[in-house]
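Analysis of the macromolecular model
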Amino acid sequence: MGEGVKTIAVNRRARHDYAIDDSYECGIELLGTEVKSFRDGKISFPDAWAEVVQGEIWLRSLHVSENPFSSRWGHDPDRKKRLLLHRDEIKRIRRKVEEKGFTLIPLSFYFKKGRVKVELGLCKGKKTYDKRADIRERDVMREAARDIRLG
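This section reports on the structure supplied with the text. (Residues numbered from 1 in each chain as written. Predicted model: local features only at pLDDT ≥ 70, side-chain atom pairs only at ≥ 80, totals over all residues. Heavy atoms only, no water.)

1. Some points on unusual backbone geometry
Phi is positive for Gln54, close to 50 degrees, though the residue is something other than glycine. Relative to the elements of secondary structure, Gln54 occurs in the loop between strand E4 (49-53) and strand E5 (56-60). Even without being a glycine, Ser61 presents a positive backbone phi close to 60 degrees. Note on placement: Ser61 falls in the loop between E5 and strand E6 (63-64). (Helix = DSSP H or I, 4+ residues; strand = E, 2+ residues; numbered from the N terminus.)

Here's what the structure looks like:
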């Protein structure tokens, strides 16, 4: 990410559980009190996912806590949120999700030029043996780096 980017949250578990094929930067349609909660980092998305419905992409299972300093008419913490992408990107994503069995997972949330952005990953679930192979490969790389450093 470039200058003027402030990371809010990163979904590290998504990179462990899914093989990420492609990622997209999306805008997200928020209410004013939700933006305040994003600024405070009061979001939770361990099992969040997105779906394509009638040419629009909706983010589900993203919990945005209510801001205690907002008015009494706050927002619904668990409402679905619309993601903002170009029409041709949505068509491309819909094709892959329907045909090849991919899932849309939010990888990270960040501010870019004062606006909340979502990095949306086009992911395929990993099998248990794939996860073990990744862990083994990471351990081997760590040991090699340690040997080079000490050697």
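Having seen the model, we can carry on.
2. Here we look at the pairing of E4
Summarising the sheet, E4 and E5 pair through 5 bridges and their orientation is antiparallel. Paired with Trp49 across the strands is Arg60, a residue of E5. Following E4, the chain reverses through 2 residues before pairing antiparallel with E5; Gln54 in that reversal takes a positive phi of roughly 50 degrees. (Pairing = 2+ DSSP bridges.)

3. Brief notes about the packing of aromatic side chains
According to the stated counting rule, one finds 2 aromatic pairs in the structure shown. Consider the rings of Phe38 and Phe109, whose centres lie 5.7 Å apart with planes at 50 degrees: the pair is tilted. Of this pair, Phe38 sits in helix H2 (residues 32-40) while Phe109 sits in strand E8 (residues 103-112); the two residues are 71 residues apart in sequence, bridging distant segments of the chain. This pair shows no difference in class: Phe38 is buried, exactly as Phe109 is. Between the aromatic rings of Phe45 and Phe109, the centroid separation amounts to 4.8 Å while the plane-to-plane angle is 75 degrees, which identifies the pairing as edge-to-face. On the criterion of sequence distance, the pair formed by Phe45 in the loop between strand E3 (43-44) and E4 and Phe109 in strand E8 is long-range, its members being 64 residues apart. The class of Phe45 is buried, set by a relative accessible area of 8%. Overall, Phe109 belongs to the buried group, its relative accessible area being 0%. Grouping aromatic residues by their ring pairs yields a cluster made of Phe38, Phe45 and Phe109. Against the face of Trp58 rests Lys80, its NZ or CZ located 4.8 Å from the ring centre. (Phe/Tyr/Trp six-rings, centres within 6.5 Å; stacked < 30°, edge-to-face > 60°. Buried < 20%, exposed > 50% of the residue type's maximum accessible area, 1.4 Å probe, protein only. Lys NZ or Arg CZ within 6 Å of the ring centre and 35° of its normal.)

4. Quick word on the environment of Gly32
When you line up the elements, Gly32 lands in helix H2. Taking the C-alpha atoms as reference points, Gly32 and Phe102, 70 residues apart in sequence, are found 32 Å from one another.

5. A short note on the nonpolar core
Among the nonpolar cores identified, the biggest contains 27 residues, and Ile28, Phe38, Ile43, Ile57, Leu62, Leu83 and Phe109 are the most heavily contacted of them. Of all the elements, strand E9 (residues 115-125) adds the most residues to this core, at 4 residues. In this structure Ile43 touches Ile8, Ala9, Phe38, Leu62, His63, Val64 and Phe109, once residues within four positions along its chain are discounted. (Core = buried A, V, L, I, M, F, W, Y, C linked by side-chain atoms within 4.5 Å. Contact = heavy atoms within 4.5 Å.)

6. A few points about H2
Those residues of H2 that sit buried are Thr33, Glu34, Ser37 and Phe38. An end-on view of H2 places all buried positions within 145 degrees of arc, on one side of the element. Downstream of H2 by one or two residues, Gly41 has phi in the positive range, about 75 degrees. (Arc of directions from axis to C-beta.)

7. A short note on the pattern of salt bridges
According to the stated counting rule, one finds 11 salt bridges in the structure shown. Between Lys81 and Glu34 there is a salt bridge, with the nearest N and O atoms lying 3.9 Å from each other. Separated by 47 residues along the polypeptide, Lys81 in strand E7 (residues 81-84) and Glu34 in helix H2 bring together distant segments of the chain. With a closest N to O distance of 3.1 Å, Arg142 and Asp139 form a salt bridge. (Salt bridge = Lys/Arg side-chain N within 4 Å of Asp/Glu carboxyl O.)

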